[in-house]
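# Observations on the model geometry
Here are the chains, one letter per residue:
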Amino acid sequence: MTASNSVAIDENGRATIKNIVCEILEIEPEEMTDTSLFKEDHDADSLGAIEILSSLERTFGIEIDQAELTRMVNLDGVVAVVNEAAAAA
């Protein structure tokens, strides 16, 4: 699947997403990789996931279905969900 005709999250957007996640999970950005798992590697809880989702919605002016939380397990997953929500907006 290509994102040629959708709003793709660029490196700045990805950095913004990472900053939001790190702030909410109270971890240093260098501790997080694209694939490190929020729950298993960073002790995130479901409340943190909801906070991340609502913060992303406010920051990017998008709407994310709570069902997408199951995919938002690492940075790559969050970026994919935000990309899709931005494309649908």
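Our structure is the block above this text.
Right, let's walk through the structure included here. (Residues numbered from 1 in each chain as written. Predicted model: local features only at pLDDT ≥ 70, side-chain atom pairs only at ≥ 80, totals over all residues. Heavy atoms only, no water.)

## Quick notes on the overall build of the protein chain
Along the protein chain, the regular secondary structure elements total four helices and zero strands. Put simply, the protein chain runs from its N terminus to its C terminus through helices and strands in the order α-α-α-α. Taken against the 2.2 N^0.38 rule, which gives 12 Å for 89 residues, the C-alpha radius of gyration of the protein chain at 12 Å falls within 12% of a compact globule. Expressed as lengths along the three principal axes of its C-alpha atoms, the size of the protein chain is roughly 35 × 25 × 20 Å. Summarising the internal contacts of the protein chain: among those between residues at least 6 apart in sequence, 51% fall at separations of at least 24. Per element, the accessible surface of the protein chain, about 5500 Å² overall, is 48% carbon and sulfur. (Helix = DSSP H or I, 4+ residues; strand = E, 2+ residues; numbered from the N terminus. Rg over C-alpha atoms; globule rule 2.2 N^0.38 Å. Contact = heavy atoms within 4.5 Å. Areas by Shrake-Rupley, 256 points an atom, 1.4 Å probe, with all protein chains shown as cover.)

## Section: the side chain of Arg14
Structurally, Arg14 is set in helix α1 (residues 11–25). A distance of 3.2 Å separates the side chain of Arg14 from the side chain of Asp34, its partner in a polar contact. With residues near it in sequence (within four places) discarded, Arg14 still touches Ile9, Asp34, Leu75, Asp76 and Val79. (Polar contact = N/O pair within 3.5 Å; in protein donor to acceptor, adjacent residues only side chain to side chain.)

## Observations regarding the packing of α1 against helix α3 (residues 46–60)
Where α1 contacts α3, the axes come no closer than 10 Å and their chain directions differ by 145 degrees. The chirality of how α1 crosses α3 is right-handed. Of the residues in α3, those in contact with Gly13, Thr16, Ile17, Ile20, Val21, Ile24 and Leu25 of α1 are Gly48, Glu51, Ile52, Ser55, Leu56, Thr59 and Phe60. (Axes fitted to C-alpha atoms, helices over the stretch in contact; angles between N-to-C directions. Left-handed = near helix turned anticlockwise from the far one by under 90°.)

## What about the environment of Met72?
Turning to its location among the elements, Met72 is positioned in the loop between α3 and α4 (75–88). Put simply, Met72 and Glu51 are 21 residues apart on the chain and 12 Å apart in space, counted from C-alpha to C-alpha. Ignoring anything within four residues of it in the chain, the contact list for Met72 reads Phe38, Ile52, Leu53, Leu56, Ile64, Gly77, Val78 and Val81.

## Considering the nonpolar core
Buried together is how nonpolar side chains tend to be arranged in soluble globular proteins. Ranked by internal contacts, the top residues of the largest apolar core, which has 23 residues, are Ile17, Leu56, Ile64, Met72 and Val82. Elements represented by at least two residues in this core include exactly α1, α3 and α4. With seven residues, α4 is the single largest residue contributor to this core. Residues contacting Leu56, with those up to four places away along its chain left out, are Ile17, Ile20, Gly61, Ile62, Ile64, Met72, Val78 and Val82. (Core = buried A, V, L, I, M, F, W, Y, C linked by side-chain atoms within 4.5 Å. Buried < 20%, exposed > 50% of the residue type's maximum accessible area, 1.4 Å probe, protein only.)

## Section: unusual backbone geometry
Phi at Glu26 is positive, roughly 55 degrees, even though this residue is not glycine. Examined against the element boundaries, Glu26 turns out to sit in the loop between α1 and α2 (38–42).

## Re the side chain of His42
Locating His42 in the fold gives a position in helix α2. On the basis of relative accessibility, which here comes to 10%, the residue His42 falls in the buried class.

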